[in-house]
Amino acid sequence: MTESLVTKEDSVMGSIRSRRRLLVAVGTVLALGAGASACGSSGDGGGSGGSGSAKGKKVRLITGVKSDPFYITMTCAAQAEAKAKGMDFTADGSAQWDVSVQRPLLDSTAASRPDGLLISPVDTSALTPSLKQIQSAGTKVALVDTTVTDTSVGITRISSDNEKGGRVAADALAKLMNKKGSVIVISVKPGVSTTDARIKGFTEEMAKYPDIKVLPTLYDNDLPATAASQIQSTLAAHPDLGGVFAGNTNTGQGIATGLKQAGKEGAVKVAAFDAEPDEIASLKAGTLQVLVAQDPAAIGRQAVDQLANAFEGKSVSKSIGTNMVAITKDNMNEPTVSKYFYKSQC
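Please read these numbers as outputs of a predicted model, since none were measured by experiment. (Residues numbered from 1 in each chain as written. Predicted model: local features only at pLDDT ≥ 70, side-chain atom pairs only at ≥ 80, totals over all residues. Heavy atoms only, no water.)

S.K.: In this structure, what is going on with helix α4 (residues 128-136)? I would like to understand it.
M.R.: Residues spaced three or four apart along an α-helix point in a common direction, a consequence of the helix completing one turn every 3.6 residues. Within the span of α4, buried status applies to Thr128, Ser130, Leu131, Ile134 and Gln135. Each buried residue of α4 sits inside an arc of 160° when the element is viewed along its axis, so together they form one side. Away from its buried face by more than 90 degrees, α4 exposes Pro129, Gln133 and Ser136. In this structure, the buried side of α4 is in contact with α3 (99-111), β3 (116-119) and β4 (140-144). Directly after α4, the chain includes Gly138, whose backbone phi takes a positive value near 120°. (Buried < 20%, exposed > 50% of the residue type's maximum accessible area, 1.4 Å probe, protein only. Helix = DSSP H or I, 4+ residues; strand = E, 2+ residues; numbered from the N terminus. Arc of directions from axis to C-beta. Contact = heavy atoms within 4.5 Å.)

S.K.: Honestly, the pairing of strand β11 (residues 290-293) in this entry has me stumped. Any pointers?
M.R.: Put simply, side chains in a regular strand alternate between the two faces of the sheet. Where burial is concerned, the two faces of β11 agree: the one with Val290 and Val292 and the one with Leu291 and Ala293 are both buried. Sheet analysis places strand β10 (residues 269-273) next to β11, joined by three bridges and oriented parallel. Residue pairing across strands places Ala272 opposite Leu291, the latter belonging to β11. Assessed by its sense of winding, the connection that carries the chain from β10 through helix α9 (residues 277-285) to β11 is right-handed. Relative to strand β13 (residues 325-327), β11 runs antiparallel, the two sharing three bridges. What sits directly across from Val292, in β13, is Ala326. (Pairing = 2+ DSSP bridges. Right-handed = clockwise from strand over helix to strand, strands pointing away.)

S.K.: Explanation requested: unusual backbone geometry in the structure shown.
M.R.: Peptide bonds are, in most cases, trans, and in most cases residues other than glycine have a negative phi. Phi angles above zero are rare outside glycine, and Asp145 is one such case at about 70°. Positive phi outside glycine occurs at Asn178, with the angle close to 55°. Within the fold, Asn178 resides in the loop between α5 (162-176) and β6 (181-187). Its relative accessible area of 60% is what places Asn178 among the exposed residues.

S.K.: Where do I start with the packing of α3 against α4 in this structure?
M.R.: Geometry of a packed helix pair, given as the angle between the helix axes and the separation of the axes. Between α3 and α4, the least distance of the axes is 10 Å, while the angle of their chain directions is 10°. Between α3 and α4, the crossing angle belongs to the class labelled roughly parallel. Between α3, through Arg103, Leu106, Asp107, Thr109 and Ala110, and α4, the contact on the second element is made entirely by Ser130, Leu131 and Ile134. (Axes fitted to C-alpha atoms, helices over the stretch in contact; angles between N-to-C directions. Parallel < 35°, antiparallel > 145°, perpendicular 65-115°, else oblique.)

S.K.: Help me understand helix α6 (residues 193-206), please; the structure alone is not making it clear to me.
M.R.: In a regular helix each residue adds 1.5 Å, so 14 residues correspond to 20 Å; α6 covers 20 Å between its end C-alpha atoms and thus fits that length. Here α6 lies mainly inside the structure; ten of its 14 residues are buried. Ser193, Thr194, Thr195, Ala197, Arg198, Ile199, Gly201, Phe202, Glu205 and Met206 are the residues of α6 that are buried. (Expected span 1.5 Å × (residues − 1).)

S.K.: Explanation requested: the nonpolar core in the structure shown.
M.R.: Burial of nonpolar side chains together is a common tendency in soluble globular proteins. Leu118, Val244, Ile255 and Ile327 are the most contacted members of the largest nonpolar core, which totals 68 residues. A total of seven residues in this core trace back to one element, the largest contributor, which is helix α10 (residues 296-311). Excluding its chain neighbours within four sequence positions, the residues that come into contact with Val244 are Leu173, Val183, Ile184, Ile186, Ile231, Ile255, Val268, Lys269, Val270 and Ala271. In this structure, Val183, Ile212, Phe245 and Phe273 belong to the second largest nonpolar core, which totals 17 residues. (Core = buried A, V, L, I, M, F, W, Y, C linked by side-chain atoms within 4.5 Å.)

S.K.: Before we go on, may I ask you to explain the packing of aromatic side chains in this structure?
M.R.: To describe a pair of aromatic rings, you give the distance between the ring centres and the angle between the ring planes. In the structure shown here, the tally under the stated rule is five aromatic pairs. Centre to centre, the rings of Phe70 and Tyr71 are 5.0 Å apart; their planes meet at 85°, and the pair counts as edge-to-face. Of the two residues examined, Phe70 and Tyr71, each falls in the buried class. Between Phe70 and Tyr342, the ring centres sit 5.7 Å apart and the planes meet at 70°, which makes this aromatic pair edge-to-face. Taken as a pair, Phe70 in helix α2 (residues 69-84) and Tyr342 in the segment after α11 (335-338) lie far apart in primary sequence, 272 residues in all. Assessed through its relative accessible area of 4%, Phe70 is described here as buried. Owing to a relative accessible area of 5%, Tyr342 belongs among the buried residues under this scheme. What links up through ring pairs into an aromatic cluster is the set Phe70, Tyr71, Trp97 and Tyr342. (Phe/Tyr/Trp six-rings, centres within 6.5 Å; stacked < 30°, edge-to-face > 60°.)

S.K.: Help me out: how do you make sense of the sheet that holds strand β12 (residues 319-322) in this one?
M.R.: Through backbone hydrogen bonds, the strands of a sheet pair up, either in parallel or in antiparallel fashion. Taken together, the six strands give an open sheet; going across it, the order is β2-β1-β3-β4-β5-β12, and neighbouring strands pair in parallel fashion. With one partner strand each, in any of the chains shown, β2 (88-93) and β12 form the two edges of the open sheet. Between one strand axis and the next, the sheet turns through 15° on average, direction left out of account. Across four bridges, strand β1 (residues 58-63) lies against β3 in parallel orientation. When the sheet's bridge partners are listed, Leu61 is paired in β3 with Leu118.

Distances and angles like these do not, on their own, reveal function.
Next comes the structure, spelled out in structure tokens:
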């Protein structure tokens, strides 16, 4: 009788212990599942994550130069798209195109641990360690307009086909120059992905015109006054100068000013990148002959859309190219062309 009771008691106690072990195991699995879900929703810099919502996500934009109409146009479009998706969006930008100016903005943004970052890096490598650090901390990074060499940075890269833009500028200038004379490129500085690509496309295309001499490229550090001085010095050294390719907005503005001061506007043909208000005015006045306009609004919108896809666990496009259009005095009033004009404010 005693032996029977003990056996039954042991059996009951064993059953209780088994149930306790089962409950502990189930609890552990549930806890691990919750932890994994939390990690997936926080973002890991990859192109996909757990399903979720873009609404309420904190997204920051850092542009190359805050006052540049190209980046103002991009910011306006990104801001509108983020608002439509219910995101917490703010934007800032460098006062000038310089790593030492942009780095503090990136460090400050990293400290706030945003869910997403849109950035136009001002150098192809100098900011890579900082970008990798913010990405590894969970922020999803989208590179807009400019990129970095390290392909592990960014869930998406959205930019124009800048090499193609350089080729378009070369062909347009060659035609205006009657395929002879000297031509020069004036750009920002070496090591900028977009302008490097434009120069590459331009110089390679110009090689098709044997009677056009391509002079060594000059860099103005994104300062219009420097570009104005450089074009005047080039005119003095090369009286046969027939064409100039301006690598970006500020450079185009400076070249237009320099040619006007030298009394050479119209005589020296200019193809410039971008379509900011001063360049449009110069096109109307005949100081600039061709503008290769990008679509910064599309870059901003699509970058926000790709971040939203990442937040929601949808497919993300690794690379997106946006449209460009050649604007001349003859077509600038057409609605399909004028929509590419840049804004100076939202």
